[in-house]
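Below, each chain spelled out in residue letters.
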Amino acid sequence: MAVAHATDVSHAPGGDHGHGHGGGAPTGSIWLRGSWVRAIWVSLLFACVAIGIATLIRAALGFGEVYSSEVAATFGLTFWAIGFTVGIGCFDYWWGYLIGRHDWVEEDHSAHGAYSWRDYFKVNTDHKVIGIQYLVLTFIFFLIGGALAEGVRAELAQPGTQIASPGLYNGLFSAHATIMIFLFIIPSFAGLGNFVVPLMLGAQDMAFPRLNALSFWLLMPAGIMFIASFMVTPFDAGWTNYAPLSVQGPLGVTFFAIGVQFAGASSIATAVNFLVTIVTMRAPGMSFWRMPLLVWAQLATSSLVVLGTPFIAGSQFMVLYDRVMHTGFFEPTKGGDVVLYQHIFWFYSHPAVYIMMLPGFGIISEVLSVHSRKPIFGYKLIAFSTVAIGVLGFTVWAHHMFVSGMSPWLRIPMMATTMLIAVPTGIKIFSWLATIWRGVIHLTAAMLFALGFMFTFVIGGLSGIFLAVLPVDINTSDTYFVVAHIHYVLFGGSVFTIYAGLYHWFPKMTGRMYDERLGRLHFWLTFVSFNVTFLPMHWLGLQGMPRRVADYEPRFGDLNMIISIGGFVLGASTLVFMYNVISSWARGPLAPANPWRALSLEWQVSSPPPIFNFDETPQVVGGPYEYGVPGARHAIVTVHTPEPEVAVPVTATLTRGAPERREAILSSMKHILVVANQTVAGEAVIAAIRRRAGTEPVHVTVVVPQGDSGDGWVIDEAAARAAAESRLAQLLAALRDAGIAAEGEVVSSDPYEAVLDQVESGRPPSEIIISTLPRTRSGWLRKDLVERVRDRTRLPVEHVVVNVPDPEASGR
Amino acid sequence: MSAHAATAGGRVQSEPASAYHESLLRSPVFLGMVMFIGSEIMLFASFFTAFFYLRFVHDTYPYGGEFEIPKGPTGINTAILVFSSFTMHWALVSIKRNRRFGLVAGLALTLVLGLTFLGLQMREYHALGFVPSDGAFPSTFFALTGLHGMHVFVGATLLFIAFVRAARGHYSAAHHIGLEVTGLYWHFVDVVWILLYTVVYLI
Amino acid sequence: MSAFKVGIVSLVVGAIGSVLIWVTPSWFPTDAAVQAERQDHLYLALMILSSFIMAIVTVFLIVSVWKFRARPGDEDRDGDPIHGDTKLEIAWTLIPTVIVVAFAFAAGIVLVKNEERPAGRLIVKVTAQQFAWTFTYPNGGTAHELVLPIDKPTQFDITSRPTDVIHSFYVPEFRVKSDAVPGLITHTYATPTKTGTFRLICTELCGIGHSQMRSIVRVVSQEEYDIYVKSLPKEPQQQGGA
């Protein structure tokens, strides 16, 4: 687990505060302090009180129907969610200040930083912890949304009803989209940005760390509400929730409307945080033109969130009012207008798609530049185009309404702005192609997803141009052509960039390297199955298959079956990713601070970073993409407790790659052979190896010979072998911790034969270290092993003596 | 919300007290409130959009008959709210000159005026004679004025907190960012009301 | 291998793709209206544009990965420090702008032509409800199937029942679509050019019966149409709106 080590806690900013850092036992009863237990009872209490008060007021005002499930759901869910955030502890600090608690301490950082895995389940103010909390929670929602999609595809695999009645089916795809959009893509970028952006800026945290924590915890009740709607009647008007269908819809629609409010509040709070952080907390020397493009992207995205999200809040408020209070916003018989809903809804929901894409563009800029070792081509134009997309994004909403019956004159201006927005997007694509041209392209998993993104996103963008053209849109609106488009840009676009970002920053976040082979497998499985699933949908749409249907013309059956199979393989590919993440996080090789040799600030601190990020404020002296420019530096970073001087070969992290690649790397490093048995885990052995590793890259082969101890004692061979394996594992672990590439095995030959085997192999060592027990106890030395090896091999041989205590009678 | 909070995450960018006034927009807390108010403006904008659309774009206005709204009494209420912005300004100016009396009195007056506004608005609601479910215009009317009323309530809460802190002497000429932020929010509430009154009641 | 040469190669690939697109059978159902023919031409032009763009992106991607992939020994090497090329950047800003503006113009022209309202056109009222379609012909006759005379410009006045939800009137073979909105009358236009039986599909989620909300459109000769319409019962129709 990524437990960060505070390099020097007393150097925490502003001097020593209060009772210092977390890690101590929490005080007070679990029922009364900020915790899951308290969250559960406080949230239920708030809900019951709210429902109670609402019912009492209805009775007092003389309503005929004193208890209404709609009213109860509205107030109950709202206050349940608020109660949850109160109970889990988001408001404890502010409340303590407000009521003047005697033990309230200002800025004690007691809830800052992850000192144990438990900290990830509590309110924590460290942006790195919050970032990982976001990424794990949103990934869980990704799996849930994906499961719903598999339900949809299972139903659609054949014409007729398979597993879902039409009502349930409508609920399945509605929840699928809602969860993917509000609980996966948008907050995923928030989480990744949360972890990376403050580091990239040279800051110690976000501007409002407690607000940051609240933003995360607001997401939890929103997600639970969407899923809980399946326990009443699921909301079934699509994620777009058009009136009048939504107003007439079942109780689940209220769950949706309220869940959206909380997801929106979370989003807006995060965006305000990002904006203030980026504007006020850049390191000295970091002008806007020296910011990494991911920061530009978050700047534009956050502006869109702050300005746009209130419109979806308003639209859902109005739906709620129409449902609960029977107002007439969208009710034609009361003077309301049905199309009004669509205008208000899409005024947010179009910028929402840029909210879901711009951070991904930022990630792609980072990944392409670093993994092809080249500056970004046309940095300023990419920055401009990012802002342009943000601004233009507010002028195109009605292209979702071309056939809605809105004022006809609006259609052509909307088509014009929609076509124009293709230009800044195209600028980015061409700039990215130019970035990798003449680079040195390393096909890491992150890079594969970035390159795959270029392919699939362009397809999505092109189908978008088709849809911008009014007559084509009139024909293809609400058909599977649109479903194809949205999945090419949302999965082939956003999700691919999320994967690229996760792989790229995995070492930084967890302190471990992921498995490259599994990453490659994940990419190819995903890429192929994705295209198999969504490419045919273009044709289906043109042939007239509408969207959001549980059933279709029988002649589409075969293609739908193929699509469903593709969809199931796509789902399975996620499992490969999950396995890679979990196993690498738990026991992957430790990652160096900068495995990609990147220039931006997050890579200049350890992996994972220290709790307060930087010991001193960095000084930015240049741009962040100056690869290939000799002596170029982005920033000067001062570290108070430098890492020990152990040379870590850059490519040690790539040693789990293809065999021939590995050979090439290893042959460029000095090969040291270590021969030891009883003493193999001794300190002197490790020290001898590290001495050599300190001056140049080394690669170590450890051989533990079991045969011919030379003293004739009878020993239990299996037990001895097991003990030898365990000692070997100890040494290899110690070497891994020191960042030294090493491998080893227990062999049954005697030590002299074992050395010769190595020396005469295809990869002979250039130095040998033989470690033995002291002369009085060593069978090897009784047989003059060291001299014989020196004579025979003519290689430098170091003899290390280790006095290992003798627990068993099998000593030699 | 003392200056500590302002520099909590902004250790890197903390400025000396003497540069306080020029750097208001560089204060993270103030900037954060500006952006939050930006999002609130957009929330009101969505309801104003509904109002404008149903009134001018949709062709069945005024459905359900003319709905009488009390321009006069609400005009007086508007004056009360506008006056409260002046008392708020008085409080802020006072603290910048370290005059405690002006600070506390200004805050108290602003709070009283704000609550008066709310009280009078609720009385008007009672006397209106129509309810939200009567039609499109009542729906937008109650939605807009109700949303505004909630914001006045939040503003009153902020004022109350500021008042208590002012009485306890938390503020000084150099450190009163919490007051600036409260003042900004209150002015926002006032400006929205002026817009609302003009658009809904007068036009 | 210069980028310019690769660019030429990609344009050639795009051209080949365009030819292939031109000669392959249409992906569309039969085009049974004047509006359909126009839309199909526009679509074809867009496909050719796409061929070129996909060719450029794909060729450059493949060539880059092939030629510039890191080989053993490249672990510490960096690429050339190229930061940009102003002429190139201007080019790939201006050229796409010109292209999209051109397509927008073409689309506008097609739209205006498709929505022409010549005098003497046939006007059919379409009323949607959960989950059925009702058609009212000019003589007041109503039916649940749509019958149209060939070569006659037709205007559809579409709505949904006042307390119903949004539906959408879509005939794939005509390539026309318009939502059926309660409280509003929307319009779309088609001039059928082929006799036959075509599909009418609801394309706006309207509840549990959405996938089944289909009907048929029969295009017949003017004489057959006249006979059909005369035989229809006349029911008082309630159109939507205030």
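Position numbers for residues start from 1 in each chain and track the written sequence from start to end. Whichever chain is written first is A, and whichever ligand is written first is 1; the rest continue in order. pLDDT decides what is reported in this predicted model: residues at 70 or higher carry local features, side-chain atom pairs at 80 or more are listed and counted, and totals for whole chains, interfaces and linings draw on all residues regardless. Only hydrogens and water are set aside when side-chain values are computed; all heavy atoms of the structure are taken into account.

(A) Expanded view of the overall build of chain A. Secondary structure elements are defined from DSSP: runs of H or I of at least 4 residues count as helices, runs of E of at least 2 residues count as strands, and each element is numbered from the N terminus. Summing up its helical and strand segments, chain A has 24 helices and 7 strands in all. All radius of gyration figures rest on C-alpha atoms, and the globule criterion is 2.2 Å times the number of residues raised to 0.38. Against the globule reference of 28 Å for 812 residues, chain A gives a C-alpha radius of gyration of 31 Å, in line with a compact fold. Its C-alpha atoms put chain A at 105 × 65 × 55 Å along the principal axes. Residue exposure (1.4 Å probe, protein chains only): buried if accessible area is under 20% of the type maximum, exposed if over 50%, otherwise partly exposed. Taken over 812 residues, chain A has a buried fraction of 63%. Throughout, a contact is declared for two residues whenever any of their heavy atoms are within 4.5 Å. In chain A, the share of contacts with a sequence separation of at least 24, taken over all contacts with a separation of at least 6, comes to 80%. Accessible surface, chain A as shown: approximately 27700 Å² in total, 65% of it carbon and sulfur. To measure how exposed things are, a 1.4 Å probe is used in the Shrake-Rupley method; for residues, cover is taken only from the protein chains shown.

(B) How the structure looks around the domain arrangement of chain A. According to the domain assignment, chain A contains domain 1 (9–24 + 89–103 + 116–587) and domain 2 (653–811). Using only C-alpha atoms to locate each centre, domain 1 of chain A and domain 2 of chain A end up separated by 52 Å. Each domain span listed reflects an automatic or database assignment of domains.

(C) Up close: the interface of chain C and chain A. Listed per partner, the contact involves 85 residues of chain C and 94 residues of chain A. Take the accessible area each of two parts loses on contact, using a 1.4 Å probe, and add the two losses: that sum is the buried area. Across the interface of chain C and chain A, roughly 7600 Å² is buried in total on both sides, 68% from carbon and sulfur atoms. For chain C, the biggest contributors to the area lost against chain A are Phe-68, Trp-92 and Leu-205 of chain C; these three give 10% of the whole. Whenever Lys or Arg places a side-chain nitrogen within 4 Å of a carboxyl oxygen from Asp or Glu, that contact is recorded as a salt bridge. Connecting chain C to chain A are 5 salt bridges. The salt bridge partner of Glu-553 of chain A is Arg-199 of chain C, with a shortest N-O separation of 2.5 Å. Counted as a polar contact is a pair of N or O atoms within 3.5 Å, where, for protein atoms, one must be capable of donating a hydrogen and the other of accepting one, and residues adjacent in sequence contribute only when both atoms are in side chains. Summed over the shared surface of chain C and chain A, the result is 23 residue pairs in polar contact (both at pLDDT 80 or more). Where the side of chain C that touches chain A is concerned, the elements lending two or more residues are helix H1 (3–23), helix H2 (34–68), helix H3 (86–114), strand E7 (176–180) and strand E9 (196–202) of chain C. Amino acids are sorted into nonpolar (Ala, Val, Leu, Ile, Met, Phe, Trp, Tyr, Cys and Pro), charged (Asp, Glu, Lys and Arg) and polar (every other residue, Gly among them). Considered class by class, the residues forming the side of chain C that touches chain A number 46 nonpolar, 22 polar and 17 charged.

(D) Examining unusual backbone geometry more closely. Here the amide bond leading from Ala-243 of chain A into Pro-244 of chain A is cis, since omega sits at -5 degrees, within 30 degrees of zero. Following the sequence through the fold, Pro-244 of chain A ends up in the loop between helix H6 (209–228) and helix H7 (252–280). In this chain, Gln-130 of chain C is followed by Phe-131 of chain C through a cis amide linkage whose omega measures 0 degrees. The phi angle at Arg-794 of chain A is positive, at roughly 55 degrees, despite the residue not being glycine. Summarising the element assignment, Arg-794 of chain A is placed in the loop between helix H24 (785–793) and strand E7 (797–801). With a phi close to 65 degrees, Asp-151 of chain C is a non-glycine residue in the positive phi region. Positionally, Asp-151 of chain C belongs in the loop between strand E4 (146–149) and strand E5 (154–160).

(E) Expanded view of the side chain of Glu-767 of chain A. All names here are of chain A. Along the chain, the position of Glu-767 falls in strand E6 (residues 767–772). Accessibility expressed as a relative area gives 12% for Glu-767, which makes it buried. At 2.3 Å, the side chain of Glu-767 forms a polar contact with the side chain of Arg-692. Leave out the neighbours within four places in its chain, and Glu-767 touches Lys-670, His-671, Ile-672, Leu-673, Arg-692 and Pro-796.

(F) How the structure looks around the pairing of strand E10 (residues 214–220) of chain C. Residue and element names in this part refer to chain C. Here a strand pair is declared whenever DSSP counts at least two bridges between the two strands. Where E4 and E10 come together, 4 bridges link them in parallel fashion. Looking at E10, one finds that Pro-149 is bridged to Val-220. With 6 bridges connecting them, E9 and E10 associate as antiparallel partners. Bridge pairing in E10 links Phe-198 to Val-217.

(G) Region of the structure containing the pattern of salt bridges. Considering all chains together, one arrives at 23 salt bridges over all chains under this definition. Among the ionic pairs, Asp-78 of chain C bridges to Arg-597 of chain A, the shortest N-O distance being 3.7 Å. Placement of the pair is Asp-78 of chain C in the loop between H2 and H3 and Arg-597 of chain A in the loop between helix H18 (557–587) and strand E1 (619–620), with the two residues belonging to separate chains. Residue classification places Asp-78 of chain C among the partly exposed residues on the basis of a relative accessible area of 24%. Note that Arg-199 of chain C is salt-bridged to Glu-173 of chain C, the shortest N-O span being 3.1 Å. Taken together, the residues span a long stretch of sequence, with Arg-199 of chain C in strand E9 and Glu-173 of chain C in the loop between strand E6 (167–171) and E7 at a distance of 26 residues.

(H) Spotlight on the nonpolar core. Among buried residues, the Ala, Val, Leu, Ile, Met, Phe, Trp, Tyr and Cys ones that are joined through side-chain atoms within 4.5 Å form a nonpolar core. Formed by 343 residues in total, the largest nonpolar core has its most connected members in Trp-432 of chain A, Val-200 of chain B together with Tyr-137, Phe-169 and Phe-174 of chain C. Here this core takes 22 residues from helix H5 (residues 166–201) of chain A, the largest share from any one element. Among all residues touching Val-200 of chain B, those that are not within four sequence positions of it are Phe-51, Ile-69, Phe-137, Phe-141 and Leu-144 of chain B.

(I) Summary view of a nonpolar patch on the surface. All names here are of chain A. There is a patch of nonpolar side chains on the surface, built from Ile-30, Trp-31, Leu-32, Trp-41, Leu-45, Val-49, Ile-53, Ile-57, Leu-61 and Phe-63 and spanning about 1000 Å² of accessible area. Structurally, the position occupied by Phe-63 is in the loop between helix H1 (36–60) and helix H2 (69–88). The class for Phe-63 is partly exposed, based on a relative accessible area of 40%. A patch consists of residues whose relative accessible area exceeds 30% and which take part in no salt bridge; residues with like charges are grouped when within 9 Å of each other, and nonpolar side chains (Val, Leu, Ile, Met, Phe, Trp, Tyr) when within 5 Å.

(J) Examining the interface of chain B and chain A more closely. Each side of the interface is counted separately: chain B has 39 residues, and chain A has 44 residues. For the pair chain B and chain A, the interface holds 0 salt bridges. Summed over the shared surface of chain B and chain A, the number is 4 residue pairs in polar contact (both at pLDDT 80 or more). Of all the elements in the fold, those that place two or more residues in the side of chain B that touches chain A are helix H1 (3–8), helix H2 (28–57) and helix H5 (136–167) of chain B.

(K) Representation of the environment of Gly-84 of chain C within the structure. With respect to the element layout, Gly-84 of chain C can be found in the loop between H2 and H3. Setting aside anything within four residues of it in sequence, one finds Gly-84 of chain C in contact with Phe-377 and Gly-378 of chain A together with Glu-89 of chain C.

(L) Seen up close, the state of the cysteines. All names here are of chain C. Any two cysteine sulfur atoms lying within 2.5 Å of each other are counted as a disulfide. Applying the stated criterion across every chain, the model contains 0 disulfides over all chains. The structure places no disulfide on Cys-206, whose sulfur is separated from the nearest cysteine sulfur, that of Cys-202, by 3.9 Å. The exposure class assigned to Cys-206 is buried, which follows from its relative accessible area of 0%.

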